[in-house]
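# Chain and residue survey
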Amino acid sequence: MKFRAERHEFADAAAWALRTVGTRVTLPALSGVRLEVSGDRLGLRSTDLEVASELSIPVQAERDGVALVPGRLLGDVVRSLPNAALSAEGDSERLRLQCGRARFDLRLMPADDFPAAPVIADDAAAAVMKAEEFARMVTQVVRAASTDDARPVLTGVQLEATAGSLTAAATDSYRLARRIVPWEQGAEMTVLVPRRALDEARRSAEQLGSEVRLVLEPNQATFEFGDRRLVTRLIEGRFPDFRQLVPEGHERRLEADRAELIEVVRRVSVVGEGSGSTTPVNLHLHPDSIDVSAGSGEVGQADESLPGTLSGEELQIAFNPRYLTDGLEVAGGERVVLEFRDELKPAVIRPGEPPATDDRDTASDFLYLLMPVRI
Amino acid sequence: MRTRPAVGDRLPDPPAVAPRPAEPILHVDMDAFYASVEVRRDPTLADRPVLVGGTGGRGVVASASYEARAYGVHSAMPMARARRLCPHAVVLPPDFAAYQRVSEELRAILLSATPLVEPLALDEAFLDVGGAVRLLGPPRGVGERLRRRIRRDLGLPASVGVAPNKFLAKLCSAKAKPDGLLHLRAPDVDGFLTPLGVGDLWGVGAQTAARLDRFGVRTVGDLRAVPSHVLARLVGPAASTQLARLARGDDPRPVVPHEPARGMSAEETFDHDVDDLSLLRRELLRLAEKVARRLRAAGVAARTVTCKLRYANFTTVSRSHTLGVPTDQATELHAEACELLDGLRLERVRVRLLGLGCTNLVPAGAARQLHLLGEDRWSRLDRAGDAVCERFGPAAVTRGALLDEATLSGDASATREQWRPRDDDPGRPRRP
């Protein structure tokens, strides 16, 4: 292969592809980034067998060809390149890079061992979302996914496309986050995406902006950002039927300032930290105020109250403070609404009613279900 | 600290001043505990050799009466060998519930002397009676009265060592056996230790003893004569300091009244090495049930689950995982343990011993994160099962997966716990 490229374009493309290079892999080829010159484009691919990234950049191509470059080495090289035009030439054994007066002669890995690129079916369920909206959707649900590999199903985020809407849901069995966004396409498809893959897609969406095209297939999900795409394998297994978990109606409804409630819960729960297991934070709900307290006999106590409007009877309920603040943080909006039945039933966190002028997204699209701690 | 003088036959006159005595530590050790309890239950066994232990293929002797010891039988010996040495011995399976009850009664008696009781096992404990001299008199008298009271109230023999520290007290009780008391006065410590074999020192196992023996170090007296830098070369620097201290009869460890359980575990040594993963998983379920029941009985939940395997070649591996939320449920323990087992990627490996352990214990009742996904059903089920087993015995409720043919055919002995080598018992913390 032989090509000339813009240094920053090449460095940026390599850095992006490097994110899915396999680190602890049994197949050595997975630790490499595959470069391929074809026509006037340079394609880069990497995969750790769970998530694959693919992108291409325009180059001045002189000779087509393929090279599998060790990923770490490529990363170190592109980071140190001087600011000058880059030219590359190689055969199946070595790749010579020249940038300004710097020359690198890199040993290559056998490119034949590298897995084939995932194929995306033409008729797959696909739709385009604004990158910002996609990133927000992922942020809102991904934290509720489990980090414990003991139950793989719970480490994923379920994306469920139906006519007109896409529902993202995640649960670690203690809390559940659900977000619904509009989905223009009609084809129905449900996939369970590993949380790490979705987080990578979110980072790309935030970094690249513009739009994301989601392609959902029975065996993989693809996130396309212009010339770049992330393809992830799916988690097998049945995601819990979360709809039946969402309570119908409530007996108590609390409304409060979101930022203030987060701050108070954080401050008070400091006394429960570092004691091995998490000490719950107690909320005592009065008609116009919330008493927040935490502590244990060993460490000490803390309490603070803040204004809040309760409709329904007074209630004392306790939560894992992290699970509570996670939900409050991603709910968004100035005000937040919490709905309760009793101290042993799940609570529901929703964004407060949006001001009439704000029609960006409707409040009911996000929901965070949280199981209390029994004390 | 005030305690009622419930031990004494009669209160001695309180001395005007009560300085801390030179030998304040007692080690109380029941003689052939399990066997003695069995003899007490069935007096016709008196004066006969009695062995308590596992009767299965690899069962070991857990306890042997002194009549049996005369034939060279000792605890931890394979049962098959014990039977060859003493063919007319009465062999009984252990009844831990009974030993546990007696142990609690024993503990109550010991606590009547001083709150400073450090249980070492079901049948032995250290006591520090140095602070109770005014109330109870000198330590030796306390030891004698405790022995009498154990004999009178429990009908069981006990031996007592009275010494300046824990290490020496334990040596003394061993020398006092059976049914005796040995008081080692501080000035006599050197003379007492000098002729003892180095193997009598804590921390000196067969390997260290053999190593020392090669250099002609056989007795504690020999050991004391070894210069410290030479000893360090022989056994390593850390062990040498410890050994030198013990050889002088020095042991600074205090009596710690109650050591809270740091973990609970159960192990199974198989009659035959096992290479069937599904069998190992099933065994883990049985162990999980056992450990979970103990956790619940103690009112604690575990955050860390450990799976331990010993292969046929005696290599031992263990893997742990820490949970986000503590659990006392067999189902969760089992799922975690199986995950750890799968993580080892065993292929045609023969397993001799399988264990499941829980550490990082926290009070279970305090606060409990509830599950969204209806997983509390297991916890309710477990509790109902506990209640049934409490009334009708451990086999009254069990998992379908744990029912084997013997159980189905009504062979009750198959469901009974078998005593195996190193089957950890909650009442038997590891010796210091």
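Note that the structure is a prediction, hence the values are computed from the model and not measured. (Residues numbered from 1 in each chain as written. Chains lettered and ligands numbered in written order. Predicted model: local features only at pLDDT ≥ 70, side-chain atom pairs only at ≥ 80, totals over all residues. Heavy atoms only, no water.)

When its secondary structure is counted, chain B shows 17 helices and 13 strands. Split into buried and exposed, the 432 residues of chain B put 49% on the buried side. For chain B, restricting intrachain contacts to residue pairs at least 6 apart in sequence, the fraction spanning at least 24 positions comes to 69%. Per element, the accessible surface of chain B, about 21,200 Å² overall, is 53% carbon and sulfur. (Helix = DSSP H or I, 4+ residues; strand = E, 2+ residues; numbered from the N terminus. Buried < 20%, exposed > 50% of the residue type's maximum accessible area, 1.4 Å probe, protein only. Contact = heavy atoms within 4.5 Å. Areas by Shrake-Rupley, 256 points an atom, 1.4 Å probe, with all protein chains shown as cover.)

It is worth spelling out the packing of aromatic side chains at this point. Overall, the coordinates contain seven aromatic pairs over all chains when judged by the stated rule. Note on Phe3(A) and Phe10(A): the rings are 6.1 Å apart at their centroids and 45° apart in plane angle, and the pair reads as tilted. A single burial state applies to Phe3(A) and to Phe10(A), both of which are buried. Site record: aromatic cluster; members linked through ring pairs are Phe33(B), Tyr34(B) and Tyr99(B). (Phe/Tyr/Trp six-rings, centres within 6.5 Å; stacked < 30°, edge-to-face > 60°.)

Right, let's get into the sheet that holds strand E2 (residues 50-53) of chain B. Residue and element names in this part refer to chain B. Spatially, three strands are ordered E3-E2-E4 in an open sheet, and the strand pairing comes out mixed. Here the strands that pair on one side only, and so sit at the sheet edges, are strand E3 (61-64) and strand E4 (90-92). Sheet twist, expressed as the average angle between the axes of neighbouring strands with direction ignored, equals 25°. Pairing of E2 with E3 involves three bridges; the strand directions are antiparallel. Looking across to E3, one finds that Leu 51 is bridged to Ala 64. (Pairing = 2+ DSSP bridges. Axes fitted to C-alpha atoms, helices over the stretch in contact; angles between N-to-C directions.)

For the rest of this paragraph, the subject is the nonpolar core. Core analysis: the biggest nonpolar cluster contains 103 residues, and Phe10(A), Phe134(A), Leu159(A), Leu166(A), Phe223(A) and Leu324(A) have the highest contact counts within it. For this core, the element with the most residues is helix H3 (residues 131-142) of chain A, which contributes seven residues. Leu324(A) has contacts with Val265(A), Val281(A), Leu283(A), Phe319(A), Leu338(A), Ile349(A) and Leu370(A), leaving out every residue within four places of it along the chain. Grouped together as the second largest cluster of nonpolar side chains are 38 residues, Val37(B), Tyr99(B), Leu122(B) and Leu156(B) included. (Core = buried A, V, L, I, M, F, W, Y, C linked by side-chain atoms within 4.5 Å.)

Time to look at helix H1 (residues 7-18) of chain A. In a regular helix each residue adds 1.5 Å, so 12 residues correspond to 16 Å; H1(A) covers 16 Å between its end C-alpha atoms and thus fits that length. Listed as buried for H1(A) are Arg7(A), Phe10(A), Ala11(A), Ala13(A), Ala14(A), Trp16(A) and Ala17(A). (Expected span 1.5 Å × (residues − 1).)

A cluster of nonpolar side chains, namely Val388(B), Phe392(B) and Val397(B), defines an oily patch on the protein surface of about 250 Å² accessible area. Judged by its relative accessible area of 30%, Val388(B) falls in the partly exposed class. (Patch = residues over 30% accessible without salt bridge, like charges linked within 9 Å, V, L, I, M, F, W, Y side chains within 5 Å. Salt bridge = Lys/Arg side-chain N within 4 Å of Asp/Glu carboxyl O.)

It is worth spelling out the side chain of Glu23(B) at this point. Residue and element names in this part refer to chain B. Note that Glu 23 resides in the segment before strand E1 (25-30). Despite its burial, Glu 23 pairs with no opposite charge, the nearest such side chain being Arg 185 at 5.0 Å. Only 3.0 Å separates the side chain of Glu 23 from the side chain of His 183, close enough to count as a polar contact. A polar contact of 2.8 Å, which involves the side chain of Glu 23, links it to the backbone nitrogen of Ala 186. The contacts of Glu 23, once residues within four sequence positions are left out, are Pro 139, Val 162, Ala 163, Pro 164, His 183, Leu 184, Arg 185 and Ala 186. (Lys, Arg positive; Asp, Glu negative; His and termini not counted. Polar contact = N/O pair within 3.5 Å; in protein donor to acceptor, adjacent residues only side chain to side chain.)

Moving on to the sheet that holds strand E6 (residues 124-128) of chain B. Residue and element names in this part refer to chain B. Pairing in this open sheet of five strands is mixed, and the strands run E5-E6-E1-E7-E8 from one edge to the other. Edge positions in the sheet fall to strand E5 (117-121) and strand E8 (181-183), since each of these pairs with one other strand and no more. The mean inter-strand angle of the sheet, taken between neighbouring strand axes irrespective of direction, is 15°. Sheet topology places strand E7 (residues 158-163) next to E8; three bridges connect them, and they run parallel. Across the sheet, Val 162 pairs through a bridge with His 183, a residue of E8. Here helix H4 (residues 96-111) sits on the sheet and contacts E1, E5 and E6; the angle it forms with E5, its principal contact strand, is near 155°.

Residues and elements named next belong to chain A. Between helix H5 (residues 258-269) and helix H6 (residues 321-331), the shortest axis-to-axis distance is 10 Å and the interhelical angle comes to 160°. For the element pair H5 / H6, the angle class is roughly antiparallel. For the pair H5 and H6, the sense of crossing is left-handed. Contacts from Arg 258, Leu 261, Ile 262, Val 265, Arg 266 and Ser 269 of H5 reach H6 at Pro 321, Leu 324, Thr 325, Leu 328, Glu 329 and Ala 331. When the residues that make up the contact of H5 with H6 are grouped by side-chain class, the tally is seven nonpolar, two polar and three charged. (Parallel < 35°, antiparallel > 145°, perpendicular 65-115°, else oblique. Left-handed = near helix turned anticlockwise from the far one by under 90°. Nonpolar A, V, L, I, M, F, W, Y, C, P; charged D, E, K, R; others polar.)

What follows covers helix H1 (residues 33-41) of chain B. An α-helical segment advances 3.6 residues per turn. Residues three or four places apart therefore align on the same side. Here H1(B) has its buried residues at Phe33(B), Tyr34(B), Ala35(B), Ser36(B), Val37(B) and Glu38(B). On its buried face, H1(B) sits against E1, E2, E3, E4 and H4 of chain B.

If the charged atoms of two oppositely charged side chains come close together, the side chains can form a pair. Summed over the entire model, instances satisfying the criterion amount to 54 salt bridges over all chains. Between Arg140(B) and Glu144(B) there is a salt bridge, with the nearest N and O atoms lying 3.1 Å from each other. Placement of both Arg140(B) and Glu144(B) in helix H6 (residues 139-154) is noted, with a separation of four residues, approximately one turn of the helix. Owing to a relative accessible area of 33%, Arg140(B) belongs among the partly exposed residues under this scheme. For Glu144(B), a relative accessible area of 29% translates into the label partly exposed. A single salt-bridge network, built from bridges that share partners, covers Arg143(A), Asp172(A), Arg175(A), Arg266(A), Arg322(A), Asp326(A) and Glu329(A).

When two helices pack together, their arrangement is given by the angle between the helix axes and by the axis-to-axis distance. Residue and element names in this part refer to chain A. It is at 9 Å that the axes of H3 and helix H4 (residues 195-208) come closest, and there the two elements cross at 145°. As for how H3 packs across H4, the hand of that crossing is left-handed. Facing H3, whose interface residues are Ala 131, Phe 134, Ala 135, Val 138, Thr 139 and Val 142, H4 presents Arg 195, Leu 198, Asp 199, Ala 201, Arg 202, Ala 205 and Glu 206. Tallied by class, the residues present in the contact of H3 with H4 amount to eight nonpolar, one polar and four charged.

Here we take up the confidence of the model for chain A. Across chain A, the average pLDDT comes to 87, with 94% of residues at or above 70. Below a pLDDT of 50 lies the segment residues 357-361 of chain A, which in the model reaches three contacts outside its immediate sequence neighbourhood of four places, other chains included. (pLDDT = per-residue confidence, 0-100.)

Here we come to unusual backbone geometry. Cis geometry marks the peptide bond from Lys177(B) to Pro178(B), where omega comes out at -10°. By secondary structure assignment, the location of Pro178(B) is in the loop between helix H7 (166-176) and E8. With a phi close to 60°, Ser210(A) is a non-glycine residue in the positive phi region. Along the chain, Ser210(A) falls in the loop between H4 and strand E15 (211-216). With a phi close to 55°, Asp179(B) is a non-glycine residue in the positive phi region. Secondary-structure assignment places Asp179(B) in the loop between H7 and E8. Looking at Asp179(B), the relative accessible area reads 33%, which means it is partly exposed.

To continue, consider the interface of chain B and chain A. Each side of the interface is counted separately: chain B has 16 residues, and chain A has 25 residues. Interface of chain B and chain A: buried area, both sides summed, is about 1,700 Å²; carbon and sulfur atoms make up 60% of it. Sorting the residues of chain B by area buried against chain A places Gln369(B), Leu370(B) and Leu372(B) first, and these three jointly supply 40% of that buried surface. Counting every contact that joins chain B to chain A gives zero salt bridges. Viewed at the interface, chain A and chain B are joined by three residue pairs in polar contact (both at pLDDT 80 or more). Of all the secondary-structure elements, those providing two or more residues to the side of chain B that touches chain A are strand E11 (316-327), helix H14 (330-343) and strand E13 (368-369) of chain B. Take the side of chain B that touches chain A: its biggest share by element is three residues, from E11(B). A per-class count over the side of chain B that touches chain A returns eight nonpolar, three polar and five charged. Across two bridges, the pairing between strand E27 (residues 373-374) of chain A and E13(B) is antiparallel. Bridge pairing links Arg374(A) to Arg368(B) in E13(B). (Buried area = accessible area lost by both parts, 1.4 Å probe.)

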